[in-house]
Amino acid sequence: MANKVSSICFFVLISAILLKDVCQGTDDIGVYELKRGSISVKITNYGATVLSVVLPDRNGKLDDVVLGFDSVDSYKNDSTYFGALVGRVANRIGGAKFTLDGVTYHLPANDHGNTLHGGVKGFSDVVWDVYRYKKDSHLTLIYNSYDGEQGFPGNVFVMVTYMLIGNHELGIKMEATALNKATPINLASHTYWNLGGHNSGDIMSHEIQLYASSITPVDDKLIPTGKITPVKGTAFDFLNLRTIGSRLNEVPGGYDINYVLDGQSGKHFRKAATVKDNKSGRKMELWTNKPGVQFYTSNMLNDTKGKGGYIYKQYAAFCLETQGFPDSVNHPNFPSQIVKPGETYHHVMVYRFITE
């Protein structure tokens, strides 16, 4: 009954949106700050992108702990996906195609013959409408994705809410309703984190624990093979807290892999990761209701000029992208990402920030 009521409420909201009940038009790009206690977050409606997260260290010193650029315009030509909300399907789709209900859909091949993060112009490269905004609480952005956008079937109404919870937590709630056709949906937040500060160097000394006993291994183009393999005893084993750099030399190019989170599947909320920077005393816990998390060590950064002119080098940050499994549309043994007409996709992630 609760799910039915939730769906009805969501469709009422969609109706309001279609009647132009929004705060600003789609041609307007702005920057919106959420601030409460010692945490401050800035977001732009271009790509629903996280621009900055400012946190205190153990001595109260404030630092921006996410990588990015000084101006919103710089994000328009960004190939790193700094802070972006990616979709309609995040991560990779092998061969840039999939078959659904007997129809084969061909997508833009923007990554070595595959589709990455929704295609050439995914959700990270569109201007979202601002629906609700309260500085000490939340920002809700919405987007209407049209049938055939980047090759995907059906109209989809998308909503993301960034919210401050208490004085130490940042939540991201992503929802998407398929309006008229079945379609794959897999949204992800692609924020690059360095708990020492965005300009503090590499993250090799950060300690990380991933609550995942398995990974979905990939081929040389980072497309899953369809297998699910245990991490125990391998360089991918972060079941216990250890530094990111401790076995990096055993992983050619760095970490960029989907971890299968332990615990019950479905809608259950679970801890995905804990990350610590002992120099600053900052600690981050990540919780989610999704079955996977992509652990990425910013392998592709190559002297990228960022905030304040600082040059981001390889391994300057880590990403933890909670998600459905990559290329699920082509692997029936993976949890399905298909959302049928009238159904709503729900994705929640919560960052808890602590100093020690």
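Structural data are supplied above this passage.
An account of the accompanying structure is given in this report. (Residues numbered from 1 in each chain as written. Predicted model: local features only at pLDDT ≥ 70, side-chain atom pairs only at ≥ 80, totals over all residues. Heavy atoms only, no water.)

Within the secondary structure, threonine 304 is located in strand S24 (residues 304–305). Here threonine 304 falls in the buried class, since its relative accessible area comes to 17%. (Helix = DSSP H or I, 4+ residues; strand = E, 2+ residues; numbered from the N terminus. Buried < 20%, exposed > 50% of the residue type's maximum accessible area, 1.4 Å probe, protein only.)

Bringing the packing of aromatic side chains into the picture now. Applying the stated rule across the entire model yields 22 aromatic pairs. The interplanar angle of 85° and the centroid separation of 5.9 Å between the aromatic rings of phenylalanine 82 and tyrosine 312 together place this pair among those described as edge-to-face. In this pair, phenylalanine 82 sits in the loop between strand S4 (62–64) and strand S5 (84–86) while tyrosine 312 sits in strand S25 (residues 311–312), placing the two residues 230 residues apart along the sequence. Residue classification places phenylalanine 82 among the buried residues on the basis of a relative accessible area of 1%. Judged by relative accessible area, tyrosine 312 falls into the buried class, the value being 0%. Here phenylalanine 123 and tryptophan 128 contribute two aromatic rings whose centre-to-centre distance is 6.1 Å and whose plane-to-plane angle is 90°, an arrangement assigned as edge-to-face. Assessed through its relative accessible area of 3%, phenylalanine 123 is described here as buried. By relative accessible area, tryptophan 128 is classed as buried at 0%. Within the aromatic cluster, the residues linked to one another by ring pairs are Phe69, Tyr75, Phe82, Tyr192, Tyr296, Tyr310 and Tyr312. (Phe/Tyr/Trp six-rings, centres within 6.5 Å; stacked < 30°, edge-to-face > 60°.)

This part takes up the sheet that holds strand S26 (residues 319–323). Read across the sheet, five strands follow the order S18-S17-S20-S23-S26 without closing on themselves; strand pairing throughout is antiparallel. Since the sheet does not close on itself, it has two edges, and those belong to strand S18 (229–230) and S26, each with one partner. Pairing of strand S17 (residues 212–216) with strand S20 (residues 256–261) involves four bridges; the strand directions are antiparallel. Bridge pairing in S20 links serine 214 to valine 260. (Pairing = 2+ DSSP bridges.)

What follows deals with the pairing of S26. In terms of burial, S26 is a largely internal element, five of the five residues being buried. Side chains Cys319, Glu321 and Gln323 project from S26 onto one buried face, and the interleaved Leu320 and Thr322 project onto a second face that is buried too. Relative to S26, strand S23 (residues 292–296) is paired through five bridges, and the arrangement is antiparallel. Following the sheet pairing, tyrosine 296 is matched in S26 by cysteine 319.

Further remarks concern the environment of isoleucine 338. Within the secondary structure, isoleucine 338 is located in strand S27 (residues 338–339). Taking the C-alpha atoms as reference points, isoleucine 338 and asparagine 186, 152 residues apart in sequence, are found 8.9 Å from one another. The residues touching isoleucine 338, leaving out its near neighbours within four places in the chain, are Leu100, Ala182, Thr183, Pro184, Val329 and Glu343. (Contact = heavy atoms within 4.5 Å.)

Our next topic: the pattern of salt bridges. Taken as a whole and judged by the stated rule, the model has 14 salt bridges. Ionic pairing is found between arginine 282 and aspartate 63, a salt bridge with its closest N-O pair at 2.9 Å. On the criterion of sequence distance, the pair formed by arginine 282 in strand S22 (residues 282–288) and aspartate 63 in strand S4 is long-range, its members being 219 residues apart. Taking the shortest distance from any N to any O, the salt bridge between lysine 76 and aspartate 73 comes out at 3.3 Å. On the basis of relative accessibility, which here comes to 37%, the residue lysine 76 falls in the partly exposed class. Counted as one network, the salt bridges with shared partners bring together Glu169, Lys271, Glu285 and Arg352. (Salt bridge = Lys/Arg side-chain N within 4 Å of Asp/Glu carboxyl O.)

Attention now goes to unusual backbone geometry. A cis amide bond, omega 10°, links glycine 87 with the succeeding residue arginine 88. Inspection of the secondary structure assignment puts arginine 88 in the loop between S5 and strand S6 (92–93). Even without glycine at this site, alanine 48 takes up a positive phi of about 50°. In this fold, alanine 48 is placed in the loop between strand S2 (39–44) and strand S3 (49–56). Here alanine 48 falls in the buried class, since its relative accessible area comes to 0%. At aspartate 101, a residue that is not glycine, the phi angle is positive and equals roughly 55°.

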